[in-house]
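Architecture at a glance
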Amino acid sequence: MTSQATPMIRLDELTKTYRGQPHPAVDRVSMDMPRGEIIVLVGPSGCGKTTTMELINRLIEPTSGRIYLDGDDVTRADPDSLRRRIGYVIQQIGLFPHFTVAENIATVPKLLGWDKKKIGDRVDELLDMVGMDPSEFRGRYPKQLSGGQRQRIGVARAMAADPPVMLMDEPFGAIDPITRDRLQNEFLRLQQQVQKTIVFVTHDIDEAIKLGDRIAILGERSQIAQYDTPANILASPASPYVADFIGAGASLKRLHLSQVSSVELDTGCVTARIDGDAEQARERLRASERAALLLLDADGRPQRWVDAGDLSSTDLFKAGEPVGAVVESTSTLSEALNAMLTSNSGVAVVIDRSGAFQGLLDFETVMVAARSERDFYRAAKVPS
Amino acid sequence: MAVDVMAAPVEHSRRRVLRWLGMPLLLAVVGISLYAYVSTQELDTIERRVLNAPGLTDRVIEHLQLAGLSTLVVIAIAVPLGILATRRGARFVAPVVLILGNLGQAIPSLGLITLVVLLAGVGFKSIVFGLVAYSALPILRNTMVGLQQVDQTLVKSARGMGMSAWQTLTRVELPLAVPVILAGVRTALIINIGTATLSTFFGVQALGYVIFQGIQLDRTPVLIVGAVMASGLALLVDYLAGVVEELLTPRGL
Ligand SMILES: Nc1ncnc2c1ncn2[C@@H]1O[C@H](COP(=O)(O)OP(=O)(O)OP(=O)(O)O)[C@@H](O)[C@H]1O
Ligand SMILES: [Mg+2]
């Protein structure tokens, strides 16, 4: 996984001892953060996540050590101009209450001296990007927004001057789980478009697994307990501390990471057109070794399950049972598992983007995936 | 949702208009009554010497000049001092500045102005000086409190986006402290309007002169006109200061 290119951010033996404190809050931390990835710093409260992050944009001056941004040593660079190149969403969002939404977003572009027209266009573009109608929200004040909307404006504001690097300190912290999930999904979609290097702080391991390309699990004094991809960390925790932090249900969490398309589907299923001839369908089912047949509509979309008995009826639209669990091939295995459990069927019908039938996914396949991945990663780690 | 947001300010402004109309109406009623009362009185020559339109206008102007100028001077001194006292590198000046401000206010106003006059002689300047010393504390304290109560996460947010310390002060901290600072200015202004009445003892003929003449010459109409005008002026200025305060408070707060 090592990249030849220079990392976007490199921390070199970075240490911060707060005045009057006997122990450093961040103790000789070294870390390379690759370009275009989401790097999640995760750890218990007070372990030094915020401190580590604020050392990167020098809101906190390091006691010792160096910081490199895109290969340049910025440990002694002018902090104000450095910060204008690094988007920052602080832990409490920190929207200015006396600025409108538009003025808040325009903060950094204004500091950089952009002209009015360019700023106005950029504000509207960003509002669109975070899914808020510019004409409705541009002139509002932060107190006229919901918590989730404020979070989005916080993110939009940090992205305003298109900085290559963004620091985000628990941006989805104080938000209800449903909104949080939606914001996380939007955030991932956004990142696909913008491909920034994002340092993301959270104390929620599930959020880390969902969002991170790479996760650094931090212990006391910001010591890195493990720094790896979510899959690797879940498959082989480096220490009891990490295993403990991941908590129970690591196998289930792993299912969040794999898409349905990554496992082999059962494509031997017999199908027939729902508006076709019942007699023909019965013939095909008899010729196969299967007990049931899947009826598809004209566009190949799965409609109903039928067995040999059901096929004696001539109206196929009413025969058998409607399909239960249907998942897209881009869904995660955990979503597929969830669909199977809620529809009470041991199998999920997998469709592609257009909704057309692709194959079947059964319970055992999911279980094997949950188990085998661990062995797979173990094997990959054995030195050759 | 959009409707809610729009509806609130409308409701708000209707109440505000009512509030803003009340005081001028009251003052107009008082003014007219006072005029009616004076015109029913047979004024003797002594009374007429004090109670004539040009003379009273001069008294009011003199009064406003005293109070206005001293308030401006206080703002010019106390706001920067208050800012300085809350800056990271200069916090040590805070206690010194506060002690001086407290001292100025703790000494009775008449005593303080007497002290200044003893040192600098009678006259307009001495009185302004005395008023400044007397009314510095509210502005000083409110500037400091106003800046200290600004949410530090906003300061961090501003610095984190690359605002310099000066930009953070002028674009974030001061605008957010404006309501509190203005409340201090209003208090200082009212103190100055009230205290300026004492100027008559030191050779400046503001509205205090009318009151004092009323007492000295034992003329009730003169006394009443002086007292009512001094109080009316204080109320009017307080009202106007309130309007300004409301207008200058940043929206969104
Ligand atoms: N200004 C400061 N002065 C002294 N100690 C500090 C200061 N800021 C933070 N600390 C200490 O440094 C340690 C790390 O704090 P930090 O804010 O980085 O933790 P965190 O991991 O972000 O925690 P949380 O998840 O609660 O936000 C804590 O023990 C904290 O008490
Ligand atoms: Mg923190």
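Definitions and limits used
Residues numbered from 1 in each chain as written. Chains lettered and ligands numbered in written order. Predicted model: local features only at pLDDT ≥ 70, side-chain atom pairs only at ≥ 80, totals over all residues. Heavy atoms only, no water. UniProt positions renumbered as here; feature names shortened; annotations may be inferred. Pairing = 2+ DSSP bridges. Helix = DSSP H or I, 4+ residues; strand = E, 2+ residues; numbered from the N terminus. 1 Å grid on protein atoms, 1.4 Å probe; cavity = no way out; pocket = protein on both sides within 12 Å on 5 of 7 lines; lining within 4 Å. Points joined across faces, edges and corners; volume = space filled by probe spheres on them. Nonpolar A, V, L, I, M, F, W, Y, C, P; charged D, E, K, R; others polar. Axes fitted to C-alpha atoms, helices over the stretch in contact; angles between N-to-C directions. Domains from an automatic or database assignment. Near = heavy atom within 4 Å. Polar contact = N/O pair within 3.5 Å; in protein donor to acceptor, adjacent residues only side chain to side chain. Areas by Shrake-Rupley, 256 points an atom, 1.4 Å probe, with all protein chains shown as cover.

Per an unreviewed UniProt entry, chain B goes by ABC transporter permease and derives from Paractinoplanes bogorensis. Quoted verbatim from the Sequence similarities (unreviewed entry) field of UniProt, the annotation for chain B is "Belongs to the binding-protein-dependent transport system permease family."

Further remarks concern the pairing of strand 13 (residues 302-307) of chain A. Residue and element names in this part refer to chain A. Bridge count between strand 12 (residues 292-296) and strand 13: five bridges; the pairing is antiparallel. Bridging from a neighbouring strand, Leu293 pairs with Val306 of strand 13. Turn length for the strand 12-strand 13 hairpin, with the two strands adjacent in sequence and antiparallel, is five residues, and the turn residue Gly300 shows positive phi of about 85°. Direction of pairing for strand 13 relative to strand 14 (residues 321-322): antiparallel, over a ladder of two bridges. By the bridge assignment for strand 14, Trp305 is matched with Glu321.

All right, on to the layout of surface pockets then. Residue and element names in this part refer to chain A. Here the largest pocket defines a volume of roughly 1200 Å³. What lines the largest pocket is a set of 32 residues, and nearest its centre among them are Asn185, Leu188, Lys210, His256 and Thr332. For the lining of the largest pocket, the elements supplying multiple residues, two or more each, are helix 8 (177-194), helix 9 (205-211), helix 10 (230-235) and helix 14 (333-343). Top element by residues in the lining of the largest pocket is helix 8. It accounts for eight residues. Grouping the constituent residues of the lining of the largest pocket by class yields eight nonpolar, 14 polar and 10 charged. Considering only enclosed or pocket space, the second largest pocket measures out at about 850 Å³ in volume.

According to UniProt, the "domain: ABC transmembrane type-1" (unreviewed entry) feature falls on residues 60-241 of chain B. For residues 60-241 of chain B, helix accounts for 82% and strand for 0%, while the C-alpha atoms at its two ends are 17 Å apart.

Below, the discussion takes up the sheet that holds strand 17 (residues 357-362) of chain A. Residues and elements named next belong to chain A. Spatial strand order, 15-16-17: three strands in an open sheet with mixed pairing. In the strand order of this sheet, the two ends are held by strand 15 (326-328) and strand 17, each with one partner. Strand-to-strand twist of the sheet, defined as the mean angle between neighbouring strand axes without regard to direction, takes the value 35°. Of the strand pairs in this sheet, strand 16 (residues 347-351) and strand 17 are connected by five bridges, and their pairing is antiparallel. Paired with Val350 across the strands is Gly359, a residue of strand 17.

Here the focus is the domain arrangement of chain A. Once the domains are mapped, chain A shows domain 1 (9-257) and domain 2 (262-368). The straight-line distance from the C-alpha centre of domain 1 of chain A to that of domain 2 of chain A is 43 Å.

Let us now look at the site of ligand 1. All names here are of chain A. Around ligand 1 sit Tyr18, Gln21, Ala25, Ser45, Gly46, Cys47, Gly48, Lys49, Thr50, Thr51, Gln91 and Glu170, and that is every residue in its neighbourhood. The separation between a nitrogen atom of ligand 1 and a polar side-chain atom of Tyr18 is 3.3 Å. For ligand 1, the accessible surface in isolation is 630 Å², of which the surrounding protein chains cover 60%. For the shell around ligand 1, the class distribution of residues is three nonpolar, seven polar and two charged.

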